[in-house]
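What the coordinates show
The lines below spell out each chain.
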Amino acid sequence: EMSDGGATKKEEEEEYEGTLLFTGITDFGILGKVTAKPALELPNHPSPTRFKVLSGVKVKHVLGGTAAQHCLIIDSEDRVWSWGNNGKGQLGLGHTSHMSQPALIEGGLKDKKVVGG
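My aim in this report is to walk through the structure given alongside it, one point at a time. Predicted, not measured: the structure shown is a model, and the values here were computed from it. (Residues numbered from 1 in each chain as written. Predicted model: local features only at pLDDT ≥ 70, side-chain atom pairs only at ≥ 80, totals over all residues. Heavy atoms only, no water.)

The helix and strand inventory of the protein stands at 1 helix and 6 strands. Written out in order from the N terminus, the α and β elements of the protein read α-β-β-β-β-β-β. For the protein, the proportion of its 117 residues judged to be buried stands at 26%. When contacts within the protein are restricted to residue pairs at least 6 apart in sequence, long-range pairs at least 24 apart make up 36% of them. If you sum the accessible surface of the protein, you get close to 8,000 Å²; carbon and sulfur atoms cover 51% of it. (Helix = DSSP H or I, 4+ residues; strand = E, 2+ residues; numbered from the N terminus. Buried < 20%, exposed > 50% of the residue type's maximum accessible area, 1.4 Å probe, protein only. Contact = heavy atoms within 4.5 Å. Areas by Shrake-Rupley, 256 points an atom, 1.4 Å probe, with all protein chains shown as cover.)

As structure tokens, then:
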């Protein structure tokens, strides 16, 4: 069976094989940043870690950058997940709490272009 892009259904499924692992510092106090959160309230990930919240989620794109201090994921259903520094609400979650694991951005992104890095 062929898809719109010319690949077979099996080939498309094979694109998503693998496991997404994350490593890094999520406690911004350790980085010398001033936050309202006490040190180590947000867990750091010194070795590769799986996010349970993403179990069963097929990831298409991962966007992030050191200067931004946050990451975005676009999944196979074109939903956007975000986590990291959220002091100015830049994660699109409707609050300003820092997030140590991905959270699904609800609504508001239909027909929008997502840019990160």
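Here is a general trend for soluble globular proteins: nonpolar side chains tend to be buried in one another's company. Formed by Phe22, Phe51, Leu54, Val57, Cys71, Ile73, Trp81 and Trp83, the largest nonpolar core amounts to 8 residues. Of all the secondary structure elements, the ones that give two or more residues to this core are strand E4 (70–75) and strand E5 (80–84). Ignoring anything within four residues of it in the chain, the contact list for Trp83 reads Phe22, Phe51, His70, Cys71, Ile73, Leu91, Met99, Ser100, Gln101 and Pro102. Membership of the second largest hydrophobic core comes to 5 residues, among which are Leu63, Leu72, Ile74 and Ile105. (Core = buried A, V, L, I, M, F, W, Y, C linked by side-chain atoms within 4.5 Å.)

Applying the stated criterion across every chain, the model contains 1 aromatic pair. Between Phe51 and Trp83 the ring centres are 5.4 Å apart and the planes differ by 70°, which places this aromatic pair in the edge-to-face class. Taken together, the residues Phe51 in the loop between strand E2 (45–49) and strand E3 (59–65) and Trp83 in strand E5 connect sequence positions 32 residues apart. Neither residue differs from the other here; Phe51 and Trp83 are each classed as buried. (Phe/Tyr/Trp six-rings, centres within 6.5 Å; stacked < 30°, edge-to-face > 60°.)

The backbone of Asp78 shows a phi angle near 60°, a positive value even though the residue is not glycine. Tracing the sequence through the fold places Asp78 in the loop between E4 and E5.

Our next topic: the pattern of salt bridges. Under the criterion given, the structure shown has 3 salt bridges. A salt bridge links Asp78 to Lys60, with the shortest nitrogen-to-oxygen separation between them at 2.5 Å. With Asp78 in the loop between E4 and E5 and Lys60 in strand E3, the pair connects residues that are 18 residues apart, well separated along the chain. Residue classification places Lys60 among the partly exposed positions, given a relative accessible area of 36%. (Salt bridge = Lys/Arg side-chain N within 4 Å of Asp/Glu carboxyl O.)

Burial of E5 is extensive: 5 of the 5 residues sit out of reach of the surface. Residues Val80, Ser82 and Gly84 of E5 are buried on one face, and the alternating residues Trp81 and Trp83, pointing to the opposite face, are buried as well. With 5 bridges connecting them, E4 and E5 associate as antiparallel partners. Paired with Cys71 across the two strands is Trp83, which belongs to E5. As defined by bridge partners, E5 adjoins strand E6 (residues 99–104) across 3 bridges and the pair is classed as antiparallel. The residue of E6 that forms the bridge with Ser82 is Ala103. (Pairing = 2+ DSSP bridges.)

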